[in-house]
Amino acid sequence: MPQPSWKVNEIFYSVQGEGKHTGMPAVFVRLAGCRMNCPFCDTKYAAREGVETDAKQLLARLAAWPAKAVIITGGEPAEQNLPALIAALKDAGYEVHIETNGSIDADVSRADFVCVSPKKYVSPAMLKKADVIKIVVGQDTDLEDLRKYYAYENAKTQIYLQPESNKQENIDLCVKLLKNHPSARLSLQTHKLANIR
Ligand code: SF4
């Protein structure tokens, strides 16, 4: 039987810069491809280029670093065989975090942490599986539409508001929204502020 493989754009060791696990060293596995084509996308390069990589090749790369946490991001990871990738990493003893736009209802049941960042379309089923719903907020954000995500908050799922591109007007808007909805949290892209790579 052919072994699964994934089109990988890049693999690098860094520190999680945003969201609930800010400050955590982790290996980032960025899968290639995303059909969403958001105008503010800061990883457009990942939509095009990737190298076909199987589990053996991937695990050999990860072994170079001491971290046991892997963040699968993109692009959009669920456009590829995400359950098989999670399984390969979990079977090798890694803590697995997923960053997804949630547009595809994928089996992420073996992942340790799931962050869904909704864009033009999101699957309600994926919102229910999220540990964190991370909403990018900019001047064009429909604030009425944003509030519908608050309905998914519960003991497992937390809302984070992340200012688009760390712009001050977007930070100010997030702070205003948070003050009216204090169970949510602010997510700054600290890796950009601190120039961490
Ligand atoms: S969903 Fe994410 S990766 Fe895809 S285009 Fe939008 S911002 Fe970029």
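## A look at the packing of aromatic side chains
Each aromatic ring pair is characterised by the separation of its centres together with the angle its planes make. Counted according to the given criterion, the structure contains two aromatic pairs. For the ring pair Phe 12 and Phe 28, a centre distance of 5.0 Å and an interplane angle of 5° mean the geometry is stacked. Highlighted residues: Phe 12 in strand 1 (residues 5–15) and Phe 28 in strand 2 (residues 25–31), separated in sequence by 16 residues. Look at Phe 12 and you get buried, because its relative accessible area is 14%. Centre to centre, the rings of Tyr 13 and Trp 65 are 5.9 Å apart; their planes meet at 35°, and the pair counts as tilted.

## A few points about the nonpolar core
In this structure, Leu 62, Ile 72, Leu 89 and Leu 161 are the most contacted members of the largest nonpolar core, which totals 41 residues. By residue number, the principal contributor to this core is helix 2 (residues 82–91), which donates five residues. By size, the runner-up hydrophobic cluster in this structure holds six residues, among which are Phe 12, Phe 28, Ala 69 and Ile 71.

## Quick notes on the side chain of Asn 9
Inspection of the secondary structure assignment puts Asn 9 in strand 1. A distance of 2.7 Å separates a polar side-chain atom of Asn 9 from the backbone oxygen of Glu 49. Among residues more than four places away in sequence, those in contact with Asn 9 are Arg 30, Leu 31, Ala 32, Tyr 45, Ala 46, Glu 49 and Gly 50.

## Thoughts on the sheet that holds strand 2
Across the sheet, which stays open at both edges, the nine strands sit in the order 3-1-2-4-5-6-7-8-9 with mixed pairing between neighbours. Both edges of this open sheet fall to strand 3 (51–54) and strand 9 (185–186), since each of them pairs with a single strand only. Inspection of the sheet shows strand 1 paired to strand 2 by seven bridges, in the antiparallel sense. Bridge pairing links Tyr 13 to Val 27 in strand 2.

## With respect to the layout of surface pockets
The volume enclosed by the largest pocket comes to roughly 1,000 Å³. Arg 30, Asp 42, Thr 43, Gly 74 and Gln 189 are the residues nearest the centre of the largest pocket, which is lined by 43 residues in total. Mapped onto the lining of the largest pocket, the elements with two or more residues apiece are strand 1, strand 2, strand 4 (69–73), strand 5 (95–100), strand 6 (113–116), strand 7 (132–137), strand 8 (158–163) and helix 6 (190–193). Among the elements that make up the lining of the largest pocket, the one with the highest residue count is strand 1 (three residues). Within the lining of the largest pocket, the residues separate by chemical class into 16 nonpolar, 16 polar and eleven charged. In this structure, the second largest pocket occupies an estimated 500 Å³ of space. What lines the second largest pocket is a set of 21 residues, among which Phe 40, Pro 118, Lys 119, Val 136 and Thr 141 lie closest to the centre. Of all the elements in the fold, those that place two or more residues in the lining of the second largest pocket are strand 7 and helix 4 (143–146). Per element, the largest residue contribution to the lining of the second largest pocket is three residues, and it comes from strand 7. Here the residues of the lining of the second largest pocket sort into eleven nonpolar, three polar and seven charged.

## Remarks on the packing of helix 1 (residues 55–62) against helix 2
The contact between helix 1 and helix 2 brings their axes to 11 Å, and the two run at 50°. With respect to their mutual orientation, helix 1 and helix 2 come out oblique. Regarding helix 1 and helix 2, the two cross each other, and that crossing is right-handed. Contact with helix 1, carried on its side by Ala 55, Leu 58, Leu 59 and Leu 62, involves Leu 85, Ala 88 and Leu 89 of helix 2 and no other residues of that element. Classifying every residue of the contact of helix 1 with helix 2 gives seven nonpolar, no polar and no charged.

## Focus: the state of the cysteines
Scanning all chains against the criterion turns up zero disulfides. Cysteine Cys 174 shares no disulfide, and the gap to the nearest cysteine sulfur, in Cys 115, comes to 14 Å.

## Observations regarding empty space enclosed by the protein
Inspection of every chain in the model, using the stated rule, returns one cavity of 30 Å³ or more. There is about 50 Å³ of room inside the largest cavity. Along the walls of the largest cavity sit Gln 16, Glu 18, Gly 19, Lys 20, His 21, Glu 99, Phe 113, Cys 115, Val 132 and Lys 134, which together make up its complete lining. Among the secondary structure elements, those contributing two or more residues to the lining of the largest cavity are strand 6 and strand 7. A class-by-class count of the residues in the lining of the largest cavity yields three nonpolar, three polar and four charged.

Calculation criteria
Residues numbered from 1 in each chain as written. Predicted model: local features only at pLDDT ≥ 70, side-chain atom pairs only at ≥ 80, totals over all residues. Heavy atoms only, no water. Phe/Tyr/Trp six-rings, centres within 6.5 Å; stacked < 30°, edge-to-face > 60°. Helix = DSSP H or I, 4+ residues; strand = E, 2+ residues; numbered from the N terminus. Buried < 20%, exposed > 50% of the residue type's maximum accessible area, 1.4 Å probe, protein only. Core = buried A, V, L, I, M, F, W, Y, C linked by side-chain atoms within 4.5 Å. Polar contact = N/O pair within 3.5 Å; in protein donor to acceptor, adjacent residues only side chain to side chain. Contact = heavy atoms within 4.5 Å. Pairing = 2+ DSSP bridges. 1 Å grid on protein atoms, 1.4 Å probe; cavity = no way out; pocket = protein on both sides within 12 Å on 5 of 7 lines; lining within 4 Å. Points joined across faces, edges and corners; volume = space filled by probe spheres on them. Nonpolar A, V, L, I, M, F, W, Y, C, P; charged D, E, K, R; others polar. Axes fitted to C-alpha atoms, helices over the stretch in contact; angles between N-to-C directions. Parallel < 35°, antiparallel > 145°, perpendicular 65-115°, else oblique. Left-handed = near helix turned anticlockwise from the far one by under 90°. Disulfide = S-S within 2.5 Å.

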